[in-house]
There are 2 protein chains.
Amino acid sequence: MNAPIEGDQPPAPGSRRPGGRTARTRAAVRDAVLTGLTEHGYPALTVEYVAEHSGVHKTTLYRRWGSMEGLLADALDLAGEDDWTPPDTGSLDGDLRALAREVADSFADPAAAAAPTAFVGAAFQSERAAEALHAFYAERFIRCEEVVERASARGEAPAGTDAAAVVRAVSAPLFLRLFVTRETVDTATADQAARATLAAVTAGAFVTRTETGGRKPTAGE
Amino acid sequence: MNAPIEGDQPPAPGSRRPGGRTARTRAAVRDAVLTGLTEHGYPALTVEYVAEHSGVHKTTLYRRWGSMEGLLADALDLAGEDDWTPPDTGSLDGDLRALAREVADSFADPAAAAAPTAFVGAAFQSERAAEALHAFYAERFIRCEEVVERASARGEAPAGTDAAAVVRAVSAPLFLRLFVTRETVDTATADQAARATLAAVTAGAFVTRTETGGRKPTAGE
């Protein structure tokens, strides 16, 4: 267990301060949240657990993050601040296959799958986790725009192809298996998703005029 | 609140005894589970709540269903014992569009969406709920085989097209939006999913030789 870390300034939401004391505190707290999610799942995870495993005093956690929900949302925000870039294999076929296999491979490893699975599960319980998950994927979809831009430049995708729709299509059958129908995913299922998405792109199925990707309202909104 | 119902035989798993006293008890318990899921969500739902709202004594619930997990799994089993049949519009395009719109329409209504959403969420917490959800969708996929058989007979789908893969493809982008990326679904997103799936079917993307739809093992298996 780490020594308690105290007296830092609250991190601004979404700020990046690599190497600073605040950034180290935030990373230690994030790591404790991920470990706790993996061990206990969201509803059972407590601020006490995070305090014990991060070495950050409970009162500090409450002051900065407000609640377990706030801790969870910030851990997901921090997960989104990575340097992930989409594959660039030289063809749309290759890029889609690489994207799908990345999903299948990461969820085939129980250790790697535990935290992202717990985040998706927590969003059923917590509106703030749902918002953080929405923001995470919205930003991922923006990063993937270059895949479709390169494909358009090579003549592999019609003009006006909606990149987010393409990325949703290639990953959706895998996430459906993992989180809804509770089926296995593997290289064959990934490749099938990539083949299907390539055929749909080629046929112009993702050419859109209007965006339909708004935040899903909940019953209380 | 109903009067307590006591003294029935335990229902055999998956048995159908419409109109009998056991069937009425099971339906009352199922209704209480659904109401409780809608009001409180899975981890907060208790056997006490189900007893109070079903009028079935708590000791009876424990004796027959074992636990809240057992109650949840049986409610989902019972939901699968309906007379739902897939659309038959006369074309694969029409059938896929109808399937996708059915998902979008049912989840656009918060009251109709609450229980199925809670089941999907509960599967993150409960292995028995995950198994029941897997069985529910496996049976739904079998019912949908006739959609692809009719399409093949009309020359709209190549021989060897995997019906389950087609149904996963048309519903997956909608479930991804609802349960992972937390985005809105509507008629436009449903129609896009149908268009993309039709293009993929036509291109032979779902022609399979080997099945890959096994039950996803969990870390403990």
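Since the model is a prediction, treat every value here as computed from it, not as a measurement. Chains are numbered independently. Their residues run from 1 in the order of the written sequence. Each chain takes a letter, starting from A, and each ligand takes a number, starting from 1, following the order in which they are written. Selection of residues for local features in this predicted model requires a pLDDT of at least 70, selection of side-chain atom pairs for listing and counting requires 80 or more, and totals for whole chains, interfaces and linings are taken over all residues. Side-chain descriptors were evaluated using all non-hydrogen atoms of the structure, hydrogens and water having been removed beforehand.

Student: Help me get a handle on the relation of the copies chain B and chain A, residues and values and all.
Tutor: Both copies of the chain are placed relative to one another by a rotation about an axis and a shift along it. Fitting of the copies onto one another was done by least squares over C-alpha atoms, counting residues only where both copies have pLDDT of at least 70. At an RMSD of 0.0 Å, chain B and chain A line up after a rotation of 180° and a shift of 0.0 Å along the axis. In the structure described here, the two chain copies are related by an operation that fits a two-fold rotation axis. Any two residues having at least one pair of non-hydrogen atoms within 4.5 Å are treated as being in contact. Counting the interface residues of chain B, we find that 98% of their copies in chain A are interface residues as well, pointing to one common contact surface.

Student: Before we move on, can you summarise the packing of helix α9 (residues 163-179) of chain A against helix α10 (residues 187-202) of chain A with the specific residues and values?
Tutor: Packed helix pairs are characterised by how far apart their axes lie and by the angle those axes make with each other. All names here are of chain A. Helix axes use the C-alpha atoms of the stretch in contact, all axes being lines fitted to C-alpha atoms, and the angles between their N-to-C directions lie in the range 0 to 180 degrees. Helical segments are the DSSP runs of H or I of at least four residues, strand segments are the runs of E of at least two, and each set is numbered from the N terminus. Between α9 and α10, the least distance of the axes is 9 Å, while the angle of their chain directions is 150°. With respect to each other, α9 and α10 are oriented roughly antiparallel. Two packed elements cross with a definite hand, and for α9 against α10 that hand is right-handed. Contacts from V166, A169, V170, P173, L174 and R177 in α9 reach T189, A190, A193, A194, T197 and V201 in α10. Orientation categories follow fixed angle ranges, with anything under 35 degrees roughly parallel, anything over 145 roughly antiparallel, 65 to 115 roughly perpendicular, and all other angles oblique. Definitions for this section: a left-handed crossing has its near helix turned counterclockwise from the far helix by less than a right angle. A right-handed crossing has that turn clockwise.

Student: Provide a residue-level description of the pattern of salt bridges, including the pertinent values.
Tutor: Salt bridges are defined as contacts in which a side-chain nitrogen from Lys or Arg sits within 4 Å of a carboxyl oxygen from Asp or Glu. Scanning the model with the defined rule gives 30 salt bridges over all chains in all. Between D191(B) and R101(B) there is a salt bridge whose closest N-O contact spans 2.8 Å. In this pair, D191(B) sits in helix α10 (residues 187-202) while R101(B) sits in helix α5 (residues 92-108), placing the two residues 90 residues apart along the sequence. The classification of residues rests on relative accessible area computed with a 1.4 Å probe and restricted to protein chains. Under 20% of the type maximum is buried, over 50% is exposed, and intermediate values are partly exposed. The partly exposed category is assigned to R101(B), whose relative accessible area is 33%. Here R150(B) makes a salt bridge to E146(B), at a shortest N to O gap of 2.7 Å. With R150(B) and E146(B) both in helix α8 (residues 145-153) and four residues apart, the pair spans about one turn of that helix. The exposure class assigned to R150(B) is buried, which follows from its relative accessible area of 19%. E146(B) gets classed as partly exposed once you look at its relative accessible area, which sits at 34%. Sharing partners across several salt bridges, the network here consists of D82(A), E139(A), R140(A) and R143(A).

Student: Break down unusual backbone geometry for me, with residues and values.
Tutor: The phi dihedral of R182(A) is positive, around 55°, even though this residue is not glycine. With respect to the secondary-structure elements, R182(A) resides in the loop between α9 and α10.

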